[in-house]
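# Residue-level structural notes
Listed below are the residues making up each chain.
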Amino acid sequence: PAAEVSRWAWAKWIPLTFSGLLVLTWVMIPEGFLGFPRRAPEVYVLVMLLYPILSALPQEFMYRRYYFWRYAELFPNRAGMILSSSILFGWLHIFYDNLWAVALSMIGGLLFSWNYARSHRLSDVWIEHSLYGQFVFTVGLGRWFYE
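Residues numbered from 1 in each chain as written. Predicted model: local features only at pLDDT ≥ 70, side-chain atom pairs only at ≥ 80, totals over all residues. Heavy atoms only, no water.

## A closer look at the overall build of the protein
Note the following rule: Think of it this way: any DSSP run of H or I at least four residues long counts as a helix, any run of E at least two long counts as a strand, and we number them from the N terminus. In this setup the radius of gyration rests on C-alpha atoms only. A globule is expected at 2.2 Å times the number of residues raised to 0.38. Contacts between residues were defined by any pair of non-hydrogen atoms, one from each residue, lying within 4.5 Å. All accessible-area figures derive from a Shrake-Rupley calculation using a 1.4 Å probe, and residue coverage is judged against the displayed protein chains alone. The charge count treats Lys and Arg as positive and Asp and Glu as negative. His and the chain ends do not count. The atoms used to mark charge sites are NZ of Lys, CZ of Arg, CG of Asp and CD of Glu.
Along the backbone of the protein there are 7 helices and 0 strands. If you list the helices and strands of the protein from N to C, you get α-α-α-α-α-α-α. The globule rule puts the C-alpha radius of gyration for 147 residues at 15 Å, and the 16 Å found for the protein is close to it. Within the protein, residue pairs in contact and separated by at least 24 positions form 72% of the contacts whose partners lie at least 6 positions apart. Taken as a whole, the protein presents about 8500 Å² of accessible surface, with 73% of it coming from carbon and sulfur. Distance between charge centres in the protein, computed from 11 positive and 9 negative side chains, equals 6 Å.

## Side note on a nonpolar patch on the surface
Which entries qualify depends on this criterion: Only residues above 30% relative accessible area that lack a salt bridge enter a patch, with like-charged residues linked at up to 9 Å and the nonpolar side chains Val, Leu, Ile, Met, Phe, Trp and Tyr linked at up to 5 Å. One side-chain nitrogen of Lys or Arg within 4 Å of one carboxyl oxygen of Asp or Glu is enough to make a salt bridge.
Taken together, the side chains of Val45, Leu46, Leu49, Leu50, Ile53 and Leu54 make up a nonpolar region of the molecular surface, amounting to roughly 580 Å² of accessible area. Take leucine 49: it is sitting in helix α4 (residues 41-70).

## A closer look at the pattern of salt bridges
For clarity, the cut-off: Relative accessibility thresholds used throughout: buried, under 20% of the residue-type maximum; exposed, over 50%; partly exposed, between the two (1.4 Å probe, protein chains only).
One pass over the structure, following the stated rule, counts 3 salt bridges. For arginine 143, the salt bridge identified is with glutamate 31, shortest N-O distance 3.7 Å. One end of the pair, arginine 143, is in the segment after α7 (122-139); the other, glutamate 31, is in the loop between α2 (13-28) and α3 (35-39), with 112 residues separating them in the sequence. Ionic pairing is found between aspartate 124 and arginine 121, a salt bridge with its closest N-O pair at 3.7 Å. The class for aspartate 124 is buried, based on a relative accessible area of 0%. Take arginine 121: its relative accessible area is 35%, and that puts it in the partly exposed class.

## Topic: the nonpolar core
For soluble globular proteins, the rule of thumb is that nonpolar side chains tend to be buried together. Rules: Residues enter a nonpolar core if they are buried and are Ala, Val, Leu, Ile, Met, Phe, Trp, Tyr or Cys, with the set joined through side-chain atoms within 4.5 Å.
With 34 residues, the main nonpolar core has Leu21, Tyr132, Leu141 and Phe145 as its most contacted residues. Elements with a contribution of two residues or more to this core: α2, α4, α5 (78-92), α6 (99-119) and α7. With residues up to four places along the chain from it excluded, the contact list for leucine 141 reads Leu21, Leu24, Thr25, Ile29 and Val136.

## What about the layout of surface pockets?
To be explicit about the condition: Computed over the protein atoms alone on a 1 Å grid, cavities are sets of points where a 1.4 Å probe fits but cannot get out and pockets are open sets with protein on both sides within 12 Å along at least five of seven lines; a residue lines them when it has an atom within 4 Å of a point. Grid points are joined across faces, edges and corners, and a volume is the space filled by probe spheres set on the points. Three classes are used, and their members are as follows: Ala, Val, Leu, Ile, Met, Phe, Trp, Tyr, Cys and Pro are nonpolar, Asp, Glu, Lys and Arg are charged, and the others, Gly among them, are polar.
For the largest pocket, the calculated volume is near 520 Å³. For the largest pocket, the lining is made up of 27 residues, of which Ser105, Tyr132, Gly133, Val136 and Phe145 are closest to its centre. Taken together, the elements giving at least two residues each to the lining of the largest pocket come down to α2, α4, α5, α6 and α7. Looking at the lining of the largest pocket element by element, the count peaks at 7 residues for α6. Split by residue class, the lining of the largest pocket holds 17 nonpolar, 10 polar and no charged.

## Considering α6
Rules: Here the expected span of a helix is defined as 1.5 Å times the quantity of residues minus one. Any N or O atom pair separated by 3.5 Å or less is treated as a polar contact, with the protein-specific requirement of one donor-capable and one acceptor-capable atom, and with residues adjacent in sequence counted only for side-chain atom pairs.
Between its first and last C-alpha atoms α6 spans 30 Å; for 21 residues at 1.5 Å apiece the expected length is 30 Å, and the two agree. At the N-terminal boundary of α6, the capping side chain belongs to asparagine 98, with an oxygen 3.2 Å from the backbone nitrogen of tryptophan 100. Phi for histidine 120, located one or two positions after α6, is positive at around 55°.

## Re the packing of α4 against α5
We count it as follows: Orientation is described by lines fitted to C-alpha atoms, with helices fitted over the stretch in contact, and by angles between N-to-C directions that extend from 0 to 180 degrees. In this scheme, roughly parallel covers angles under 35 degrees and roughly antiparallel covers those over 145, while 65 to 115 is roughly perpendicular and the rest are oblique. Helix crossings fall into two classes, left-handed where the near helix is turned counterclockwise from the far one by less than a right angle and right-handed where it is turned clockwise.
At a minimum axis distance of 11 Å, the contact between α4 and α5 shows a crossing angle of 150°. Considering the angle they form, α4 stands roughly antiparallel to α5. Between α4 and α5 lies a crossing of right-handed hand. On α5, the residues touching Gln59, Glu60, Tyr63, Arg64, Tyr67 and Phe68 of α4 are Met81, Ser84, Ser85, Leu88, Phe89 and Leu92. In terms of residue class, the contact of α4 with α5 is made up of 7 nonpolar, 3 polar and 2 charged.

Here's what the structure looks like:
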């Protein structure tokens, strides 16, 4: 039981982070709040179902599992590995052509990398990334993450 509690310790950040994302949406794009599920409910459901498999899982495999394995010798300390993985993960989102996508992805990357460095469990970061991504699309920040 104690192992399960520590395994899911990252979950304590979800309410705080979700609250921050809600405030960000309300301040930056109040007219877009819950816009995606209201505007295109069928597409929204499809994105909610496919995002974890087609987007979050490949990204977590590449930027956590593979990256942590491939560059372990280059970054022998945990902090360097976490920071470098987060920066590259944020940079991945540069093609959306807005700084919000890069900045939010870098922050998310810090959370995901920290969790992976602690647990080395791809399933944990995949679930976490999926939940954050689905929430971002739900509240209205998804406009910064698609073309």
